[in-house]
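Chain and residue survey
So you can see what is in the structure, the chains are spelled out below.
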Amino acid sequence: MADPVIVKICGIKSLDLLDAAIEAGADMVGFVHFMRSPRHVSIEELGGLISAARGRVESCVLLVNPDNSCVAEVAALGPDWIQLHGPETPHRVEAIRAEAGTQIMKALPIGSADDVAHVAAFLDVADRILLDAKPPKNADRPGGLGETFDWSLLGGLDPSVPFMLSGGLTPDNVAEAIRTVRPPFGVDVSSGVETAPGVKNKKLIEAFIRNAKAAG
Ligand SMILES: O=C(O)c1ccccc1N[C@@H]1O[C@H](COP(=O)(O)O)[C@@H](O)[C@H]1O
């Protein structure tokens, strides 16, 4: 039998939605600490969410180009993962991994075959790669926009790359995404389980997880 698909629900802001995601079968949850995001949570809120997740589901804190003090503050809360979703270079990712002492998921924007080739530069410095849609030039944030990308570009990816797929996934397209891309470390969603930016919906979370797990 195939391994079950790993599902990460990102952009959770409340304990109520955290419980709902865990009850629905999420394997990982993500909390966004980035002021320009509609899913931003403060350091104090992060502490409560990470504690409530501990031992039940893997937790991941999303940061965008963080400085060392931000990395240290977040790492002290004990998340399982830090997701770097900005323009961090391989050298900076390596430094953040050393500073934080947590597993690192590096998000990379995909819009062309060149972007796919760029993934190789991060394989030695990140524990996992998250492949996301390249945001439009005028976007006010580098992700969480509900944009998909051309999955066929990933046909050129080395099959040993440990990646998770994200970018515009929804309950309606997640099964097709899994069958087409076969991401070895599962799927990640934020906008696709919301009714408005930052407003998660329990029924959409349940449907997303159900459809993803069935497709695996
Ligand atoms: O969610 C955000 O606001 C966000 C801000 C800055 C960087 C990334 C962000 N979101 C992450 O992007 C991917 C894909 O999201 P979506 O499903 O297309 O909405 C996911 O990891 C989000 O958590």
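The structure presented is a predicted model; accordingly, all values stated were derived computationally and were not measured. (Residues numbered from 1 in each chain as written. Predicted model: local features only at pLDDT ≥ 70, side-chain atom pairs only at ≥ 80, totals over all residues. Heavy atoms only, no water.)

1. Some remarks on the site of the ligand
Taken together, the neighbourhood of the ligand is formed by 25 residues, with Cys10, Ser37, Arg39, Asp188 and Ser191 sitting nearest. Residue Arg141 places a side-chain N or O atom 3.3 Å away from an oxygen atom belonging to the ligand. Take Ser191: an N or O atom from its side chain is 2.4 Å from an oxygen atom of the ligand. For the shell around the ligand, the secondary-structure elements that each account for two or more residues are strand S1 (7-10), strand S6 (128-133) and strand S8 (187-189). The class makeup of the residues in the shell around the ligand is 8 nonpolar, 11 polar and 6 charged. (Near = heavy atom within 4 Å. Polar contact = N/O pair within 3.5 Å; in protein donor to acceptor, adjacent residues only side chain to side chain. Helix = DSSP H or I, 4+ residues; strand = E, 2+ residues; numbered from the N terminus. Nonpolar A, V, L, I, M, F, W, Y, C, P; charged D, E, K, R; others polar.)

2. Things to note about the UniProt feature "domain: N-(5'phosphoribosyl) anthranilate isomerase (PRAI)" (unreviewed entry) in the protein chain
Per the UniProt annotation, the sites labelled "domain: N-(5'phosphoribosyl) anthranilate isomerase (PRAI)" (unreviewed entry) are residues 7-210. Annotation note: span residues 7-210, helix share 31%, strand share 22%, distance between end C-alpha atoms 10 Å. (UniProt positions renumbered as here; feature names shortened; annotations may be inferred.)

3. Digging into the nonpolar core
If you look at the biggest cluster of nonpolar residues, it comprises 61 residues, and the most contacted ones within it are Ile9, Phe31, Ile129, Leu131, Leu165, Val187 and Phe208. For Ile129, the contacting residues outside a window of four places in its chain are Lys106, Leu108, Val119, Phe122, Leu123, Val161, Pro162, Phe163 and Met164. If you look at the next biggest cluster of nonpolar residues, it comprises 7 residues, including Met28, Ala107, Leu130 and Met164. (Core = buried A, V, L, I, M, F, W, Y, C linked by side-chain atoms within 4.5 Å. Buried < 20%, exposed > 50% of the residue type's maximum accessible area, 1.4 Å probe, protein only. Contact = heavy atoms within 4.5 Å.)

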